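Results of the structural survey
Residue strings, one per chain:
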Amino acid sequence: MKSDREAHKLASTAGLLLLDAMVFHEVLAKMDTKIPTISSILVERNLKRALEEAWSYILHEIDYEPIFDMALRILRSLPATPLVNNALKELLSLAYDIASSHVLLKHDLFGRIYHQLLLGKLVKYYATYYTSIPAARLLARLLVNLPSPLRLDRIPPLYGDEELRVVDFACGSGTLLSALYKEIDVKHRLDSEEPMIEEMHRYLLERGIWGFDVLHHAVHLASTVLFLHNPSSVAISRLYVLRLEKRGDKCYLGSIDFLADRTLRKEMLLEGGELESAERVSVRFKEGEEVKLPDFHICIMNPPFTRSVGGNLLFGALPKEQRRELQKRLSKLLRDLGISGIGQAGLGAVFVFLADKYLRVGGRMGLVLPRAILSGVSWEKVREKLLRDYHIEYIITSYEGGDNWNFSENTSLSEILLVARKIDGGDNRNVTFFVNLWRKPRNELEAIHIGSQLVELYGAAKLYDIENSNASPYSIKMHGRKIGEVYSAQIGDVNIGRYNFFAQAELNRTVVLLRNGIVYLPTKGIVGRIPITSLSNLGAEIGPDRRQVHNAYTVETLREDHLYKAIWGHDPKKINTISQSPNAGLEARDAASARSLWEKSAKMLVIERGWLTTYKVLSIFLGESVLSNVWWPVKVEDHYGKILSLWLNSTLGILLLSSSAEVTRGPWVSFKKAELENSLVLDITRLEDQQIEDLLDRFDELSKAEFKPLPEEFRDPEARRELDNLFNEVLGIEHDLDPLYQLLSVDPMITSKPLS
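An account of the accompanying structure is given in this report. (Residues numbered from 1 in each chain as written. Predicted model: local features only at pLDDT ≥ 70, side-chain atom pairs only at ≥ 80, totals over all residues. Heavy atoms only, no water.)

**Overview of the overall build of the protein**
Rule in force here: In DSSP terms, a helix is any run of H or I states spanning at least four residues, a strand is any run of E spanning at least two, and both are numbered starting from the N terminus. Exposure categories follow from relative accessible area, calculated using a 1.4 Å probe and restricted to protein chains: below 20% of the type maximum is buried, above 50% is exposed, and the middle band is partly exposed. Residue burial considers only the protein chains on display, and all accessible areas are found by Shrake-Rupley using a 1.4 Å probe.
Of regular secondary structure, the protein possesses 28 helices and 32 strands. Expressed as a percentage of its 756 residues, the buried residues of the protein come to 61%. For the protein, the computed accessible surface area is about 30,100 Å², with 47% contributed by carbon and sulfur atoms.

What follows is the structure in structure tokens.
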């Protein structure tokens, strides 16, 4: 069944490429009388032969090879049967209707259909998650309309004193480049006294817009969608299909090759993307064996996301031996450039460094990235690069809930839109706007509306400062309804995710201030101060990860004779109290390794990853030391462990812990070892003896209290309110936490549901 579905998708994609070429054919027929129209072809008895003859003529006499070469090869592979003839007739009729509609021609129709037809394995191994059209338009609107030296009132358009050049190093079907084209076109019409639409179109396609990808059929569609914005003659195209393979003794890495050298050589082009020169009107690559990549003023991109861990899918579409060779070459290239280690974050991190290499100072990048970039340990070098050499202007995050954490199609993983301007060294003290969308734009008009609001905010960052307890967030409204919030922050921490874990600005303000020991309540303001320190400063030692435990032990049903015990898995029905007992036994695979690892076992545990919507407690305490596969053992003195396990389940403790989380898909979060060691907790060493005694006296009672799932607990707090009241009393906070309960009970990062 699965192979049948994949075959159906493959046939559908081939049909889409044929339809794409047919629409282009009809547009060309209006410009060249020697090309038969669709109407004249439809009266032929043998439609297959008529199309083959027409497309051969176009290829040999007019060109447009990026569009017609693949379509002609598909056509020639089809049998000459009545069934095929009837199918071609239906496609031709549909192409005629599309070509007759100026509205459809100017929209990314084929790209949208293509995204729905993506082959499962291509999605998995090439990481072809294409940007949604509204998200692309929102990103493009910011890149073109934010303050910059961009001048679009003339031809050629200028960025400062240079001709404008934009690039997408992973262009796919051209959705992002198409959105950028539209924004440039609109601004040119608005800024120019006498707009020169055809001249701007010709400049953009021949010299201004550059795109690269490793999928021939995707670039085929990208070429078409850009051309169809204004079907007038152009001489060359800057869209290239690159090799991703080992060919002979040489490994080709697609766009990543440009990290080593800005020269595009003919052998780097994929067969079928290797186009010869022509003097005629064409959408054809420039003559010559080599092309030197220039620097660019705008880079817009949704880079591949595949990672080198968890199944090792890097270059996963290739045969195993080739994949290994390409991975070796990539590792060596990154080492030579001094950026080794970023491969664990995936190819997305590599593409960020690629964009940086070719971006002019003063230029902007607009990227669609996994939300993990904001806090993931493997992304740290990327964040350091951005914080050092860029002004991060906007971070746009979706909190719509359900499966809508994304800006790409065919995924439900959490993503962000990031806009950053390259700066010329010096201390970067610029302010970042955090845009928390409770509902994503549904179409391009909504994206334009939101983008325009964000552009207008650009010079007013101080009004929305998240660290100012008297500042309010900006409300994004659509159709008279609030659909998100915007606030600003001067990022002073390499873990950027600490500024926007929650959807609601007031919760994030509470977290930011709490990290400085300030207790803030939205309806009261600042109500107290508490001592804060890192877990490592309390002498905590974080135990082994699940891979180490699996390598050293086998898991068994718990017996009395087990020397090594564990908390194995997470059953929400059973893990509803802070106090727990071992639920599994461990047998040593290797005695020496098992003994060594057991030294890091602990009585206190903290979640390693989890779905916050169903979890009830985030830290537990046992009467004996254990290891785990889904909890981190945290080795501390017993009285510290008891107090910390209470604290990490209090509302303030949960807020602080959330600021160390790495977000994968909404409430599905993880806590990496390095981040957990540096996570902030109550500083027990600064408490008075009586305060410590008061907390320990209540431990037995509160550790046995049954908690509900977090959304329910915050909606109707019982055990958690009792726990919070204890810490409030001990720490001298004279206000209940009801305002926080109210916000947390509806926040999508807790409930996974959209804010109403």
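**What to know about the side chain of T510**
Heads up, the condition is: In what follows, residue pairs with any heavy atoms lying within 4.5 Å of each other are defined as contacts.
Tracing the sequence through the fold places T510 in helix α17 (residues 505-514). In this structure T510 comes out as buried when scored by relative accessible area, which is 1%. If we ignore the near neighbours within four places in the chain, the residues touching T510 are Y520, P522, L655 and L740.

**Points about the packing of helix α9 (residues 133-145) against helix α10 (residues 175-191)**
Rule in force here: What counts as an axis is a line fitted to C-alpha atoms, over the stretch in contact for a helix, and the angles between N-to-C directions run from 0 to 180 degrees. Small angles under 35 degrees read as roughly parallel and large ones over 145 as roughly antiparallel, with 65 to 115 read as roughly perpendicular and the rest as oblique. For any helix crossing, the convention is left-handed if the near helix is rotated counterclockwise from the far helix by under a right angle, and right-handed if that rotation is clockwise. Lys, Arg, Asp and Glu make up the charged group, whereas Ala, Val, Leu, Ile, Met, Phe, Trp, Tyr, Cys and Pro make up the nonpolar group; the residues left over, Gly among them, are polar.
In contact at an axis separation of 8 Å, α9 and α10 are set at 45 degrees when each is read in the N-to-C sense. Comparing the axis directions of α9 and α10 gives the class oblique. The hand of the α9/α10 crossing is right-handed. Each of I133, A136, R137, L139, A140, R141, L143, V144 and N145 in α9 lies in contact with α10, whose residues at this interface are T175, L176, A179, L180, K182, E183, I184, V186 and K187. Classifying every residue of the contact of α9 with α10 by side-chain character gives 11 nonpolar, two polar and five charged.

**Looking at the pattern of salt bridges**
The criterion, for reference: Salt bridge criterion: a side-chain nitrogen from Lys or Arg within 4 Å of a carboxyl oxygen from Asp or Glu.
With the rule as written, the count across this model stands at 48 salt bridges. Here the residues in one salt-bridge network are R137, R141, K182, E183 and E444, joined through shared partners.

**Points about the environment of D424**
In this structure, D424 sits in the loop between β14 (415-422) and β15 (432-437). A relative accessible area of 66% places D424 in the exposed class. Once the C-alpha coordinates of D424 and V361 are considered, the two residues, 63 residues apart in sequence, prove to be 6.2 Å apart.

**A look at a negative patch on the surface**
For clarity, the threshold we go by: Each patch groups residues whose relative accessible area exceeds 30% and which form no salt bridge, using 9 Å between like charges and 5 Å between nonpolar side chains of Val, Leu, Ile, Met, Phe, Trp and Tyr. In this count, Lys and Arg are taken as positive residues and Asp and Glu as negative ones, while His and the chain termini are left out. The location of each charge is read from NZ of Lys, CZ of Arg, CG of Asp or CD of Glu.
The grouping of E688, D689, E693 and D697 at the surface amounts to a negative patch. Position of E688 relative to the elements: it lies in the loop between β32 (680-682) and α23 (689-697).

**Focus on helix α5 (residues 82-99)**
Operational definition: In this scheme, a helix's expected span is set at 1.5 Å multiplied by one less than its residue total. Taken from the helix axis, the directions to the C-beta atoms give the arc we talk about.
Taking 1.5 Å of rise per residue, 18 residues should cover 26 Å, and α5 covers 25 Å from first to last C-alpha, within 8% of that figure. Looking at α5, one finds that the buried residues are V84, N85, L88, L92, A95, I98 and A99. The arc that holds every buried residue of α5, seen down its axis, measures 140 degrees, which confines them to one face. α5 presents P82, L83, E90 and D97 as exposed residues on the side facing more than 90 degrees away from its buried surface.

**Comments concerning the nonpolar core**
Note on soluble globular proteins: their nonpolar side chains tend to be buried together. Heads up, the rule is: Nine residue types can take part in a nonpolar core, namely buried Ala, Val, Leu, Ile, Met, Phe, Trp, Tyr and Cys, and a core is a set of them joined through side-chain atoms within 4.5 Å.
Formed by 93 residues in total, the largest nonpolar core has its most connected members in W55, F68, L180, Y394, I396 and L454. With 11 residues, the top contributor of residues to this core is helix α1 (residues 2-29). L521, I532, L622 and F699 belong to the second-largest nonpolar core, a separate cluster that totals 82 residues.

**Regarding the pairing of strand β17 (residues 481-489)**
To keep things clear, this is the line we draw: Strands are treated as partners if at least two bridges between them are detected by DSSP.
Of all nine residues making up β17, seven are buried, and the element is well covered by its neighbours. Summarising the sheet, β15 and β17 pair through six bridges and their orientation is antiparallel. Bridge pairing in β17 links L437 to G484. Two strands pair when backbone bridges link them, and strand β16 (residues 474-478) and β17 are joined in this way by five bridges, in the antiparallel orientation. Residue pairing in the sheet places M478 in a bridge with R481 of β17.

**What about the sheet that holds strand β1 (residues 150-151)?**
Pairing is antiparallel in the open sheet, where three strands are placed in the order β1-β2-β3. The open sheet is flanked by β1 and β3 (162-163), the only strands paired with a single partner. As paired elements, β1 and strand β2 (residues 158-159) share two bridges and run antiparallel to each other. For R151, the partnering residue across the bridge sits in β2 and is L158.

**Describing the pairing of strand β12 (residues 359-370)**
Where strand β11 (residues 296-301) and β12 come together, five bridges link them in parallel fashion. Looking at the pairing, I298 lines up with R364 of β12. The sheet contact formed by β12 and β14 spans seven bridges and is antiparallel. In the sheet register, P370 faces β14, and the bridge partner there is E415.

On their own, these measurements won't tell you what the molecule is for.
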